Amino acid sequence: MKTIERSMGLTQWVLLLALSVLWGGSFFFVGVAVVELGPLSIVALRVGLAALALHVLILLLGQRMPRDPGLWMAFFGMGLLNNMIPFSLIAWGQGHIASGLASILNATTPFFTIVVAHFLTRDEPLTPARLAGVAIGFAGVVYMLGAEVHEGATRHSWAQLAVLAGALSYAFAGVFGRRFGALGCSPLVAACGQVTASALVLLPLALLVERFWQQPWPGLDTWAAVFGLALFSTTLAYLIYFRLLASAGATNLLLVTFLIPASAIVLGIFVLNERLEWRHLAGMGLIGLGLAVIDGRPLWWFRKMAYAYRKARREGAGR
């Protein structure tokens, strides 16, 4: 069995940064596509094209998709929690809020995951450090939403709550997905199975609800965004994710949550001409601090640098 190292090497750091850009880019791609396409159409095309790409990859690698009905029920469950619900809610939300803000709200996923895992699993209790991190993170969310909620419900505030609901769905997906290891399903097959199940549900639903053929045909920019969303932010991102999961472990992968908003905000500001308010950046700071408390390593790195600085000053003074 391959050993998972807590300390990542250069290759793993490069993959982690690439994954953060790909997942951060998903908010940019949706921000482009949502101008001309409905949220269900965007999500249906995303999972449909990703499913085709992953099926081709599985064939090229000589693997086969399972036929076990029980496993396919698990694929549909995972597809519902990890694709259908969150993708749709976030895409709808991005029709009303900036992509950078959506990425900041999506960064609450680890907080929801910790709470959900505490109640639905036996081996992931809510420790004092985790509780403190969750409290700090949700304080950031309350700070961002507080003013708007106080003024009354608006489409803008509902959009933010929709993105938060998507993050909550990701949390349930993280707990639900633990069963695939026991089912003997490879990560690539699991990824292909869940996007395939999602596509089988979302494609007819999007055709029925949004009837895209009755709308003006989308432009080249929209189609480029859809293909980028499906092939880069979904297919390629899944491949990098599972490689990192196998070599670096789930704890190291938590670091990607710190990085996703950065790329999404940069793309949103410089390409989509979006603007974020100071309270959004302050909320992001609190969310980042909460994640740091949960993960522990950023604080450990800070203490290590502070110790090295004090040591160097003492040695310098003694000369």
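Every value quoted in this text rests on a predicted model; they were computed, and no experiment measured them.

Residues and numbers for the overall build of the protein chain, please.
Secondary structure assignment for the protein chain yields 14 helices and zero strands. Helices (α) and strands (β) of the protein chain occur, in sequence order from the N terminus, as α-α-α-α-α-α-α-α-α-α-α-α-α-α. Counting across all 319 residues of the protein chain, residues that qualify as buried make up 47%. The long-range fraction of contacts in the protein chain, counting pairs at least 24 apart against all pairs at least 6 apart in sequence, stands at 87%. As presented, the protein chain carries roughly 16500 Å² of accessible surface, and 69% of it is formed by carbon and sulfur atoms.

I'd like a description of the pattern of salt bridges, backed by residues and values.
Opposite charge on two side chains makes pairing possible when the charged atoms of those side chains draw close. The full count for this structure, using the stated rule, is one salt bridge. Two residues, E277 and R279, come together in a salt bridge whose shortest N-O distance is 2.7 Å. Residue R279 is classed as buried on the basis of its relative accessible area, which comes to 16%.

Describe the side chain of N106, listing the residues and the values that go with them.
Within the secondary structure, N106 is located in helix α4 (residues 99-106). The class for N106 is buried, based on a relative accessible area of 13%. Residues contacting N106, with those up to four places away along its chain left out, are F27, I90, V163, A167 and Y170.

Tell me about the environment of F29, residues and numbers included.
Residue position: F29 is located in helix α1 (residues 10-33). In the structure, F29 is positioned 192 residues away from D221 in sequence and 9.6 Å away in space, judged by C-alpha atoms. Among all residues touching F29, those that are not within four sequence positions of it are A225, G228, L229 and S233.

Quick rundown of the packing of aromatic side chains? Include the residues and the values.
What describes a pair of aromatic rings is the distance from one ring centre to the other and the angle between the planes of the rings. Scanning the model with the defined rule gives six aromatic pairs in all. Aromatic side chains W23 and Y241 sit 5.7 Å apart centroid to centroid with 45° between the ring planes, which places their arrangement in the tilted category. Note that W23 is positioned in helix α1 and Y241 in helix α10 (residues 220-247), a separation of 218 residues in sequence. Looking at W23, the relative accessible area reads 23%, which means it is partly exposed.

So what's going on with the side chain of S26? Which residues, and what values?
Position of S26 relative to the elements: it lies in helix α1. A polar contact is formed between the side chain of S26 and the backbone oxygen of W23, at a distance of 2.5 Å. Leave out the neighbours within four places in its chain, and S26 touches R46, L229 and S233.

Can you explain the confidence of the model for the protein chain? Please cite residues and give values.
Looking at the protein chain, the pLDDT average stands at 86 and 89% of residues meet or exceed 70. Within the protein chain, helix α11 (residues 249-253) has the poorest average pLDDT of any element, 63, and helix α2 (residues 39-60) the best, 96.

I'd like a description of α4, backed by residues and values.
For α4, a buried count of eight out of eight residues is recorded, marking the element as mostly surrounded by other parts of the structure. Taken together, the buried positions of α4 are S99, G100, L101, A102, S103, I104, L105 and N106.

Could you give me a rundown of a nonpolar patch on the surface, with the residues and numbers involved?
Together, F227, L231, F232, L236 and L239 give the surface a local cluster of nonpolar side chains, amounting to about 410 Å² of exposed area. Topologically, L231 is positioned in helix α10. For L231, a relative accessible area of 35% gives the class partly exposed.

Got a sec to walk through the nonpolar core? Specific residues and values, please.
Ranked by internal contacts, the top residues of the largest apolar core, which has 61 residues, are I97, L105, L202 and I287. Considering each element in turn, this core owes the most residues, ten residues, to α1. Excluding its chain neighbours within four sequence positions, the residues that come into contact with I287 are I104, A107, T108, F111, G137, V141 and M144. Formed by 23 residues, the second largest nonpolar core is a distinct cluster that contains F75, F176, L188 and A190.

Criteria and cut-off values
Residues numbered from 1 in each chain as written. Predicted model: local features only at pLDDT ≥ 70, side-chain atom pairs only at ≥ 80, totals over all residues. Heavy atoms only, no water. Helix = DSSP H or I, 4+ residues; strand = E, 2+ residues; numbered from the N terminus. Buried < 20%, exposed > 50% of the residue type's maximum accessible area, 1.4 Å probe, protein only. Contact = heavy atoms within 4.5 Å. Areas by Shrake-Rupley, 256 points an atom, 1.4 Å probe, with all protein chains shown as cover. Salt bridge = Lys/Arg side-chain N within 4 Å of Asp/Glu carboxyl O. Phe/Tyr/Trp six-rings, centres within 6.5 Å; stacked < 30°, edge-to-face > 60°. Polar contact = N/O pair within 3.5 Å; in protein donor to acceptor, adjacent residues only side chain to side chain. pLDDT = per-residue confidence, 0-100. Patch = residues over 30% accessible without salt bridge, like charges linked within 9 Å, V, L, I, M, F, W, Y side chains within 5 Å. Core = buried A, V, L, I, M, F, W, Y, C linked by side-chain atoms within 4.5 Å.

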